[in-house]
Amino acid sequence: LIDVWRDDGRVVGLVTNEEAPPGYAWFCLDPTYPELRAEMLAHAERHLRDDHAIRVLIDNRDLAFQKLAAQSGYKATNESEELAILPVDAHDLSYVLPPGYHAESMADVYNVRKFNRLMWRGFNHEGEPPESEEALLDRSRQLLGPHEDLDLNIVVVAPDGSFASYCGMWHERGSSHALVEPVATDPAHRRKGLGRAAVLEAVRRCAERGAENAYVGSTQPFYYAIGFHPWLNATWWKKDL
């Protein structure tokens with residue numbers, strides 16, 4: 001379903017469905033290969049559709065791709081995706097934690113049960129999380145991907161040793177870009193600046209490795225309050241089949 005376009009071994013295009021339900025497609029395209037747009041759109045329509053429609057996400061700045069989609073029977077919807085940016089060299093990355101709390105990398109304090117509980121509660125699920133072998137294995141996969149660097153994934157540890165807040169961070173050495181995903185804080189520890197601290201510590205570590213900008217796919221005021229600002233907007237285009 002996912003397809004990659006290469007030129008002399010270098011990836012220049014990608015069509016993927018990520019984790020959304022069937023019928024959604026994302027594009028990544030090197031702008032110096034505009035001729036791939038039609039082929040990528042056709043691939044999404046053939047392989048990533050659901051029973052009734054296909055929805056594709058198109059950068060609002062890419063007028064040529066929008067025109068191609070319109071000519072191919074797609075219509076713009078009122079659904080969109082936004083990306084915010086934090087220019088690393090233009091922002092103070094310092095933070096202060098309340099007494100008893102401290103920030104650690106997941107490489108140093110890895111504990112899948114504590115992480116599972118934080119992510120369960122941090123995303124506002126009721127009660128205690130499932131701890132079956134399958135559930136914990138699935139949770140551990142979130143931290144053990146091929147390009148995951150646990151030194152960049154930051155946990156704020158509470159005085160009782162539990163995980164209070166977490167920031168996942170993605171950065172490949174040599175890249176000027178870093179991506180924040182996901183961020184969660186246990187409801188029992190909110191409004192203490194813990195999420196802010198986790199994000200800024202993760203960004204700081206990426207900056208030490210050469211990152212110039214950090215990005216997050218969100219418009220939440222939380223991110224704007226710590227220095228991110230709106231940067232990119234893309235619209236979902238839909239074609240009924």
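None of these values were measured; they are calculated from a predicted model.

Caption draft 1: Looking closely at the pairing of strand β2 (residues 10-16). Two strands pair when backbone bridges link them, and strand β1 (residues 3-7) and β2 are joined in this way by five bridges, in the antiparallel orientation. Each bridged residue has a counterpart across the sheet, and for Asp3 the counterpart in β2 is Val15. In this structure, the hairpin formed by β1 and β2 is closed by a connection of two residues, where Asp8 is found at a positive phi of approximately 55°. Where β2 and strand β3 (residues 24-29) come together, four bridges link them in antiparallel fashion. By the bridge assignment for β3, Thr16 is matched with Trp26.

Caption draft 2: Geometry of helix α4 (residues 112-122). Inspection of α4 places Val112, Phe115, Asn116, Leu118, Met119, Arg121 and Gly122 among the buried residues, and these make up the whole buried set. Looking at the buried positions of α4, the neighbouring elements they touch are α3 (106-109), α5 (133-141), β8 (163-170) and β9 (177-185). Here α4 starts with a cap whose side-chain oxygen sits 3.1 Å from the backbone nitrogen of Arg113, and that cap is Asn111. Directly beyond the C-terminal end of α4, a positive phi value near 65° is found at Asn124.

Caption draft 3: Spatial organisation of the packing of aromatic side chains. Evaluation of the coordinates by the stated rule reveals seven aromatic pairs. Taking 4.9 Å as the distance between ring centres and 85° as the angle between the ring planes, the aromatic pair formed by Trp26 and Trp236 counts as edge-to-face. With Trp26 in strand β3 and Trp236 in strand β11 (residues 229-240), this pair connects stretches of sequence that are 210 residues apart. When sorted by exposure, Trp26 lands in the same class as Trp236, which is buried. A connected cluster of aromatic rings, assembled from ring pairs, spans Tyr24, Trp26 and Trp236. Of note, Arg61 hangs over the ring of Trp231, and the distance from its end group to the ring centre comes to 5.5 Å.

Parameters at a glance
Residues numbered from 1 in each chain as written. Predicted model: local features only at pLDDT ≥ 70, side-chain atom pairs only at ≥ 80, totals over all residues. Heavy atoms only, no water. Pairing = 2+ DSSP bridges. Helix = DSSP H or I, 4+ residues; strand = E, 2+ residues; numbered from the N terminus. Buried < 20%, exposed > 50% of the residue type's maximum accessible area, 1.4 Å probe, protein only. Contact = heavy atoms within 4.5 Å. Polar contact = N/O pair within 3.5 Å; in protein donor to acceptor, adjacent residues only side chain to side chain. Phe/Tyr/Trp six-rings, centres within 6.5 Å; stacked < 30°, edge-to-face > 60°. Lys NZ or Arg CZ within 6 Å of the ring centre and 35° of its normal.

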